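# Descriptive analysis of the structure
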Amino acid sequence: MANAYFDEYENLEIHELMLKDRPRQAAYYNAILGNKDLFKDKIVMDVGAGTGILSAFCAQAGARLVYAIEASNVATKVALDLIEDNGLTNVVKVIQSRVEEFVLPADAEKVDIIVSEWMGFYLLHEGMLDSVLLARDKFLKEGGLLFPSECTIFVAPCSVPSLFDDWHNVDGIKMDTFASKLRAQKSARPEITHLNPADLLHEGVVFHWMNLLDVQPDELDSIQFKEVVTAQKAGNHQGFCIWFDVRFPGEDSVLSTSPHSPPTHWKQCVVVLPEESCETLEEKAPIAFQITMKRSASDMRKYNLEVDLLDPNTEEHPVPCSCHMTKCILTEAHLKMMDTS
């Protein structure tokens, strides 16, 4: 009996983690309850409803019908109880089904709004955006809304002291060799960690942006970005930090996983550079790189990250560029002269 009990509720710790993520909870609460005019008398679909809390928010915001679609047994074991406990069964219909297999009742209207908390690490890894886009194409009315509606991925060069500098002296003991082996062990995949914003060498640039109303699944198979950024402070360049923001319709509401924002369960993704590629940079040093996020061939929900350092002497720089290379200093000076003439 004990084993059966734990099997039945094996997913609850994941949901507990998400429910205790206050920035996540607050963002969805404010986006939904802060835009009651968008939800009043509307039909809503919650894709991957989990415990049903977002569906409950939608009902409280005035929706006349909410389809809470959840594939796991959390639908019947948890979400159904939550909806009953809050007196919302007349509005929220909990349905245990994959959204790919769900069929609207005969003669039912399509939905006005799709709500989902689908984001994975560095936005797409282990996320469920494909399911949301399928629901959009099958069930959303023309002119309907998606919550969230826009996504932006950012990238910035950074230091990673937890894998480098912190091991120079551990209670008076030098552990650089251990640190080198630790980095080798971790080099096979990105680090999911909370990065101290002081370890960023740049504020971050937009790696990718998308509007969820028109992005197509095949556009997500591979995303590539090439850029030259200028170090905004001196420091040890040991990796690249990746994070994302999502924006909701209506009153301005954003959920950010930036190192500068309150911490979330998504944390940040850090791609650690090979030891031979790390270097100490001066302020205004150029950093040229290409980053590729590619869908895994073995699991469509997973993404592989690849970062290549490029030669800033041969790569095209943005204009203007504030780096310390002579061609950029001259270009910037020329532009300033034109502005004052």
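Look up a bit, the structure's there.
First, a word on scope: everything that follows refers to the structure included in this document.

Conventions used here
Residues numbered from 1 in each chain as written. Predicted model: local features only at pLDDT ≥ 70, side-chain atom pairs only at ≥ 80, totals over all residues. Heavy atoms only, no water. Phe/Tyr/Trp six-rings, centres within 6.5 Å; stacked < 30°, edge-to-face > 60°. Helix = DSSP H or I, 4+ residues; strand = E, 2+ residues; numbered from the N terminus. Buried < 20%, exposed > 50% of the residue type's maximum accessible area, 1.4 Å probe, protein only. Pairing = 2+ DSSP bridges. Axes fitted to C-alpha atoms, helices over the stretch in contact; angles between N-to-C directions.

### Remarks on the packing of aromatic side chains
Going through the model one piece at a time under the given rule, you end up with 12 aromatic pairs. Each ring, one from Phe 207 and one from Phe 225, has its centre 5.9 Å from the other, and the planes form 40 degrees; the classification is tilted. Residue Phe 207 is located in strand β8 (residues 205-211), and its partner Phe 225 is located in strand β9 (residues 222-230); the two are separated by 18 residues in the primary sequence. Using a relative accessible area of 5% as the deciding quantity, one classes Phe 207 as buried.

### Re the environment of Leu 330
Checked against the element boundaries, Leu 330 lands in helix α9 (residues 326-340). In sequence terms Leu 330 and Pro 320 are 10 residues apart; their C-alpha atoms lie 10.0 Å from each other.

### A closer look at the pairing of strand β12 (residues 253-256)
Judged from the four bridges that link them, strand β11 (residues 239-248) and β12 form a sheet pairing that is antiparallel. Looking at β12, one finds that Arg 247 is bridged to Val 254. The turn joining β11 and β12, which pair antiparallel and follow one another in sequence, is formed by four residues; a positive phi near 80 degrees is taken by Gly 250.

### Looking at the sheet that holds strand β16 (residues 303-310)
In space, the three strands of this open sheet follow the order β9-β15-β16, with antiparallel pairing throughout. In this open sheet, the two edge strands, each paired with only one partner strand, are β9 and β16. Averaged over all neighbouring strand pairs, the angle between strand axes comes to 15 degrees, with direction disregarded. Pairing analysis gives nine bridges linking β9 to strand β15 (residues 286-295), with the strands arranged antiparallel. Bridge pairing in β15 places Ile 223 opposite Met 293.

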